[in-house]
Amino acid sequence: MDERFERRGDVQELSDFELRVYETVAEIDKEGGAADFATLGRLVGGPEEDLWAALGHLVSVNHVHSTDKGYVLGPHDWAP
């Protein structure tokens, strides 16, 4: 199966901080960009290790993908 279409985790299972990171990535992605770590750190705030942990979890549950340019949304079923 194409990894882009693997099952995603449920967003309702995300912590408040993870949800804030996800929403920030989504805002940047919908404008056609990718969210780099420095930008996420500036926009989301919080300790660096918390941001790395949130991004790691979001990637592991297929909500976001890491690219050469930064983080983008994983597969989703809503229109831009």
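For the structure itself, look to the data block above.
Rules of the game
- Residues numbered from 1 in each chain as written.
- Predicted model: local features only at pLDDT ≥ 70, side-chain atom pairs only at ≥ 80, totals over all residues.
- Heavy atoms only, no water.
- Helix = DSSP H or I, 4+ residues; strand = E, 2+ residues; numbered from the N terminus.
- Expected span 1.5 Å × (residues − 1).
- Buried < 20%, exposed > 50% of the residue type's maximum accessible area, 1.4 Å probe, protein only.
- Contact = heavy atoms within 4.5 Å.
- Core = buried A, V, L, I, M, F, W, Y, C linked by side-chain atoms within 4.5 Å.
- Axes fitted to C-alpha atoms, helices over the stretch in contact; angles between N-to-C directions.
- Parallel < 35°, antiparallel > 145°, perpendicular 65-115°, else oblique.
- Left-handed = near helix turned anticlockwise from the far one by under 90°.
- Nonpolar A, V, L, I, M, F, W, Y, C, P; charged D, E, K, R; others polar.
- Arc of directions from axis to C-beta.
- Polar contact = N/O pair within 3.5 Å; in protein donor to acceptor, adjacent residues only side chain to side chain.

A. Representation of unusual backbone geometry in the model. Of note in the backbone geometry, Asn62 takes a positive phi value of approximately 70 degrees without being a glycine. Looking at the element boundaries, Asn62 is found in the loop between helix 3 (48-60) and strand 1 (64-66).

B. Main features of helix 1 (residues 16-30). Look at helix 1: 21 Å from first C-alpha to last across 15 residues, which is about the 21 Å you get at 1.5 Å a residue. Residues Phe17, Glu18, Val21, Tyr22, Thr24, Val25, Ala26 and Ile28 constitute the buried set of helix 1. Where the residues of helix 1 are buried, they touch helix 2 (37-44), helix 3, strand 1 and strand 2 (71-73). Looking one or two residues past helix 1, Gly32 carries a phi angle of roughly 90 degrees, positive in sign.

C. How the structure looks around the nonpolar core. Core analysis: the biggest nonpolar cluster contains 18 residues, and Val21, Val25, Leu40, Leu51 and Leu55 have the highest contact counts within it. Among the secondary structure elements, those contributing two or more residues to this core are helix 1, helix 2, helix 3 and strand 2. Take this core: its biggest share by element is six residues, from helix 1. The contact partners of Val21, leaving out residues within four places of it in the chain, are Leu40, Val44, Leu51, Ala54, Leu55 and Leu58.

D. Local environment of the environment of Val72. Along the chain, the position of Val72 falls in strand 2. What makes Val72 buried here is its relative accessible area of 18%. Sequence-wise, Val72 and Ala26 are 46 residues apart; in three dimensions their C-alpha atoms are separated by 7.1 Å. When residues no more than four places from it in sequence are discounted, the contact partners of Val72 are Val25, Asp29, Gly33, Ala34, His63, Val64, His65 and Thr67.

E. Spotlight on the packing of helix 2 against helix 3. Look at helix 2 against helix 3: their axes get within 11 Å of each other, and the N-to-C directions meet at 115 degrees. Classified by the angle their axes make, helix 2 and helix 3 are roughly perpendicular. Relative to helix 3, helix 2 is oriented so that their crossing is right-handed. Taken together, the residues of helix 3 that come into contact with helix 2 (itself represented by Phe37, Leu40 and Gly41) are Glu48, Leu51, Trp52 and Leu55. Classifying every residue of the contact of helix 2 with helix 3 by side-chain character gives five nonpolar, one polar and one charged.

F. Inspection of helix 2 at higher detail. Burial in helix 2 covers these residues: Phe37, Thr39, Leu40 and Val44. Within helix 2, the buried residues cover an arc of 160 degrees as seen down the axis, which keeps them to one side. What points out from helix 2, more than 90 degrees from its buried face, is the exposed set Ala38 and Arg42. Elements in contact with the buried residues of helix 2: helix 1, helix 3 and strand 2. Where helix 2 begins, the side chain of Asp36 points an oxygen toward the backbone nitrogen of Ala38, at a separation of 3.1 Å.

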